[in-house]
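# Structural overview for review
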Amino acid sequence: MRGWIILGLGAGVLYYLATETNKLDEPMAQTDALLLKIERKLDAMRGTKIIRVDNKTSQLKKEISQRMSTGELGALDDILESEYSVQTFKDEYCSGSAPRHESLSRDNLQYICDKLR
């Protein structure tokens, strides 16, 4: 009987924290990001299109690596992780009125967009 009461109280506290406070927002966002990354990797492992992306990826990285900082190279790795991440990047940053990327310089951003088209 005590076990059920403790379990009920625990569930009530978790429900309160999740709905009435922002205490669980950051851990939930981290979990969502991790699940999205896993999903992208699984998608990348399933098709033959990834071969084409990898060839394009290695060529782009070879061409641009000398002019990028370490932080920019990390951002480029995240962008080129899968075909889905490349498409998401192109949709978000390679349009006419694209927002500024938080990790890439404007010149490198334009160069990457030009090479991915």
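Sequence order as written defines residue numbering, which begins from 1 separately in each chain. Predicted model: local features are reported for residues with pLDDT of at least 70 only, side-chain atom pairs are reported and counted for 80 or more only, and whole-chain, interface and lining totals are derived from all residues. Side-chain figures throughout are based on the complete set of non-hydrogen atoms in the structure, without hydrogens or water.

A word on the overall build of the protein. In this text, helices come from DSSP runs of H or I with a minimum length of four residues, and strands from runs of E with a minimum of two, each type numbered from the N-terminal end. Each helix and strand counted, the protein has six helices and zero strands in total. Going residue by residue from the N terminus, the α and β elements of the protein occur as α-α-α-α-α-α. Exposed residues in this analysis have more than 50% of their type's maximum accessible area, buried residues have under 20%, and partly exposed residues fall in between, with area computed by a 1.4 Å probe over protein chains only. Going through the 117 residues of the protein one by one, you find that 22% of them count as buried. Looking at the protein as shown, the accessible area adds up to about 8,700 Å², and 56% of this sits on carbon and sulfur atoms. Accessible areas in this description were obtained via Shrake-Rupley with a 1.4 Å probe; residue shielding takes into account the shown protein chains only.

Another aspect to go through is the pattern of salt bridges. Any Lys or Arg side-chain nitrogen found within 4 Å of a carboxyl oxygen on Asp or Glu counts as a salt bridge. By the definition in use, this model includes two salt bridges. When the shortest N-O distance is used, the salt bridge between lysine 61 and aspartate 77 registers 2.6 Å. Of the two residues, lysine 61 sits in helix α3 (residues 49–64) while aspartate 77 sits in helix α4 (residues 70–79), which places them 16 residues apart along the sequence. The class of lysine 61 is partly exposed, set by a relative accessible area of 30%. Where glutamate 63 meets lysine 115, a salt bridge forms, and the shortest distance between an N and an O atom there is 3.2 Å. Remark: lysine 115 occurs in helix α6 (residues 106–116) and glutamate 63 occurs in helix α3; sequence separation between them is 52 residues. The exposure class of glutamate 63 is partly exposed, given its relative accessible area of 31%. Of the residues examined, lysine 115 reaches a relative accessible area of 36% and is grouped as partly exposed.

Turning next to the packing of aromatic side chains. Here is the rule: rings of Phe, Tyr and Trp (six-membered ring for Trp) pair when centre to centre is within 6.5 Å. Planes less than 30 degrees apart are stacked, more than 60 are edge-to-face, and the remainder are tilted. Across all of its chains, the model carries one aromatic pair by this definition. Consider the rings of phenylalanine 89 and tyrosine 93, whose centres lie 5.3 Å apart with planes at 35°: the pair is tilted. With phenylalanine 89 and tyrosine 93 both in helix α5 (residues 83–93), this residue pair falls four residues apart, about one helical turn. Of the residues examined, tyrosine 93 reaches a relative accessible area of 11% and is grouped as buried. Counted as over-ring charges are cases with an Arg CZ or a Lys NZ within 6 Å of the ring centre that also lie within 35 degrees of the ring normal. When the ring centre of tyrosine 111 is taken as origin, the NZ or CZ atom of arginine 67, which lies over that ring, is 4.7 Å away.

Considering every residue of the protein, the mean pLDDT works out to 80; 90% of them sit at 70 or more. The predictor attaches a confidence to each residue, called pLDDT, with possible values from 0 through 100. At the level of individual helices and strands, the protein shows its lowest average pLDDT in α3, which scores 67, and its highest in α4, which scores 86.

Among the nonpolar cores identified, the biggest contains 16 residues, and Leu76, Leu80, Phe89, Leu104, Ile112 and Leu116 are the most heavily contacted of them. Of all the secondary structure elements, the ones that give two or more residues to this core are α3, α4, α5 and α6. At four residues, the largest contribution of residues to this core is made by α6. Residue contacts are counted whenever heavy atoms from the two residues lie within 4.5 Å of one another. Setting aside its immediate chain neighbours within four residues, leucine 76 contacts Leu60, Lys61, Ile64, Met68 and Ile112. Residues enter a nonpolar core if they are buried and are Ala, Val, Leu, Ile, Met, Phe, Trp, Tyr or Cys, with the set joined through side-chain atoms within 4.5 Å.

Take the environment of glutamine 59 next. With respect to the secondary-structure elements, glutamine 59 resides in helix α3. Taking the C-alpha atoms as reference, glutamine 59 lies 9.6 Å from lysine 115; in sequence the two are 56 residues apart.

A few words on a nonpolar patch on the surface. On the surface, Leu34, Leu35, Ile38, Leu42 and Met45 cluster together to form a nonpolar patch covering roughly 510 Å² of accessible area. Of note, leucine 42 is situated in helix α2 (residues 25–46). A residue counts toward a patch only above 30% relative accessible area and without a salt bridge, and it is joined to like-charged neighbours within 9 Å or, for Val, Leu, Ile, Met, Phe, Trp and Tyr, to nonpolar neighbours within 5 Å.

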